[in-house]
Amino acid sequence: MVGVIYTGLQKAPEGKTVSLEKMAEARVLVVGGGGREHAIVDALYRSPQVGKIFCAPGNAGIAQQAECVPIKDNDIDALLTFAKQYSIDLTVVGPEVPLSMGIVDAFTEEGLDIFGPSGEAALIEASKDFAKELMAKYGVPTASYRTFTDYGDALSYVKGQGSFPVVLKYDGLAAGKGVVIAENLEEADATLKDMLVEDAFGEGKVVIEEFLTGPEFSLMCFVAGDKVYPMEIAQDHKRAYEGDKGPNTGGMGAYSPVPLITDEDKEFAVHEIMEKVAAGMVSEGRPFYGVLYGGLMKTPAGVKVIEFNCRFGDPETEVVLPRLRSDIYDIFKAIARGEDPGEILWDGEQTLGFVLASKGYPGHYAKGFEITGLKEAAEDPDIIIYHMGTASKDEKILTGGGRVLMVVGKGGNLQEARDKASEAVGKITCGNLFHRSDIGWRVLGK
Ligand code: AMP
Ligand code: GLY
């Protein structure tokens, strides 16, 4: 038993430490090691049924609630061996790569419960062309598109379109770097050369899409075959710098709910997008069990799909799961077994989180800088600090990735949540971190 100071939502009583092992029975393995996995671990920790959490590989923050296991998230054989050896009752997979590699199929074959889609169902994220075809076939609103394998054909098509910007998407997994919005022919040409001639991401296809406009939002749903259980809506901020400037990143901050998105928008998105896709996946013989993430845009012509992911979003999960009132272990377990998870309850509070990233991210950055003030920042019960990329050395917490921390504030409204998170960020010191201070800004009319 290891005593730890608990810094998540579920605070330990004043001055006490809590134990990593509780009296409850269930043993859970979480695969991944970022902020999303920290939020999943945090939610599982709140379940009275969960006794012990392992996380592979985890990070320094996750280590406060789970035992970190030094296995890479894509080492399926080692994860399977571990799950059997340690009598794991449920495995929950965070990232898309092991899902696409078929981790769920490997565990299911061995009779182990695992939460996430099969490799065949994960194709909805792994192939943009597959996702677009599926949407076309089942009448799901999205940007018009064509797919190309030949550089010359693709370039002629772009020339024929005659208008810019045009959206170019590499067909496979590209760690968020496979989408280019080309403003002119030169840029489109260079990108197509990169993707189809130089094979920058590997040999593959390119989807060329109509450019849509409007606010983006993320709707994550628990999905079990044709049944869809929507979560609360969140909004990510993908560009690196304030005012939506700079390169695309994995996400620099998020908040939930999103006042700009009405109940009608959400209804439409659930029925006309998520449910149609879930039913379509069943009809295609690739039934989806897990979290289906819709990256959606509220365009002047209605809500349309920008992309699908086969997993929880990061950093959306960090602002959505703290609002979950149901027991996440029940939800994961039911869906892993193909059963109905029942009604899922959320609180009415507002969350907003700032990502603290290493200077230079999403480009080159250095690691190993000490972070101080975390304990003070997390003293407020309305603050949760999720670790995205940290390591520990001699009791010190060090930066260990591009995105390092997600500081989430909770409040009755956006301003309150933002002020809390902002104050907490101000207490954290480190020589090599930056953040966008304009998360939720536009909504607040600033
Ligand atoms: P994705 O990786 O597909 O989410 O694309 C990354 C970002 O590119 C999205 O968050 C959008 O901001 C932008 N994007 C992708 N597709 C389109 C589109 N068809 N029209 C406008 N922007 C897009
Ligand atoms: N935040 C976007 C993603 O998880 O892909």
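Whatever comes next refers back to the structure up there.
Residues numbered from 1 in each chain as written. Chains lettered and ligands numbered in written order. Predicted model: local features only at pLDDT ≥ 70, side-chain atom pairs only at ≥ 80, totals over all residues. Heavy atoms only, no water.

What follows is about the sheet that holds strand β18 (residues 289-299). Strand order in the open sheet formed by four strands is β13-β12-β18-β19, with antiparallel pairing between adjacent strands. At either end of the open sheet lies a strand with only one pairing partner, and these are β13 (227-230) and β19 (302-309). Sheet twist, expressed as the mean angle between neighbouring strand axes with direction ignored, is 35°. Of the strand pairs in this sheet, strand β12 (residues 216-224) and β18 are connected by nine bridges, and their pairing is antiparallel. When the bridges of β18 are listed, Met220 appears paired with Tyr293. With respect to the sheet, helix α11 (residues 328-336) is in contact with β12 and β18, its orientation differing from that of β12 by roughly 60°. (Pairing = 2+ DSSP bridges. Helix = DSSP H or I, 4+ residues; strand = E, 2+ residues; numbered from the N terminus. Axes fitted to C-alpha atoms, helices over the stretch in contact; angles between N-to-C directions. Contact = heavy atoms within 4.5 Å.)

Put simply, Ala56 and Pro57 share a cis peptide bond, and its omega is -5°. Summarising the element assignment, Pro57 is placed in strand β4 (residues 50-57). Note the cis peptide between Ser256 and Pro257, where omega equals 0°. One can find Pro257 in the loop between β17 (253-256) and α9 (263-283). A positive phi angle, near 45°, is found at Ser87, a position not held by glycine. Position of Ser87 relative to the elements: it lies in the loop between α2 (76-85) and β6 (90-93). Even without being a glycine, Asp394 presents a positive backbone phi close to 45°. Structurally, the position occupied by Asp394 is in the loop between β23 (390-393) and β24 (396-399). With relative accessibility at 64%, the residue Asp394 sits in the exposed group. (Buried < 20%, exposed > 50% of the residue type's maximum accessible area, 1.4 Å probe, protein only.)

What follows covers the packing of helix α7 (residues 151-161) against helix α8 (residues 185-197). Running from N to C, α7 and α8 point in directions that differ by 160°, and their axes come no closer than 10 Å. Considering the angle they form, α7 stands roughly antiparallel to α8. Judged by the twist between their axes, the crossing of α7 over α8 is right-handed. On the side of α7, the interface is formed by Tyr151, Ala154, Leu155, Val158 and Lys159, while α8 contributes Leu185, Ala188, Asp189, Leu192, Lys193, Leu196 and Val197. Here the residues of the contact of α7 with α8 are counted per class, giving nine nonpolar, no polar and three charged. (Parallel < 35°, antiparallel > 145°, perpendicular 65-115°, else oblique. Left-handed = near helix turned anticlockwise from the far one by under 90°. Nonpolar A, V, L, I, M, F, W, Y, C, P; charged D, E, K, R; others polar.)

We now examine the sheet that holds strand β9 (residues 166-170). Read across the open sheet, the four strands follow the order β8-β11-β9-β10; overall the sheet is antiparallel. Two strands lie at the open edges of the sheet, namely β8 (145-148) and β10 (179-182), each paired on one side alone. Each neighbouring strand pair of the sheet contributes to a mean axis angle of 20°, computed without reference to strand direction. In this structure, β9 lies alongside β10, joined through four bridges in antiparallel fashion.

So, on to the pairing of strand β11 (residues 206-209). Of the two faces of β11, the one holding Val206 and Ile208 and the one holding Val207 and Glu209 are both buried throughout. In terms of strand pairing, β8 meets β11 through four bridges, oriented antiparallel. Note that in β11 the partner of Tyr145 across the bridge is Glu209. Pairing of β9 with β11 involves four bridges; the strand directions are antiparallel. Bridge pairing links Tyr170 to Val206 in β11.

The analysis is restricted to geometry; functional conclusions fall outside its scope.
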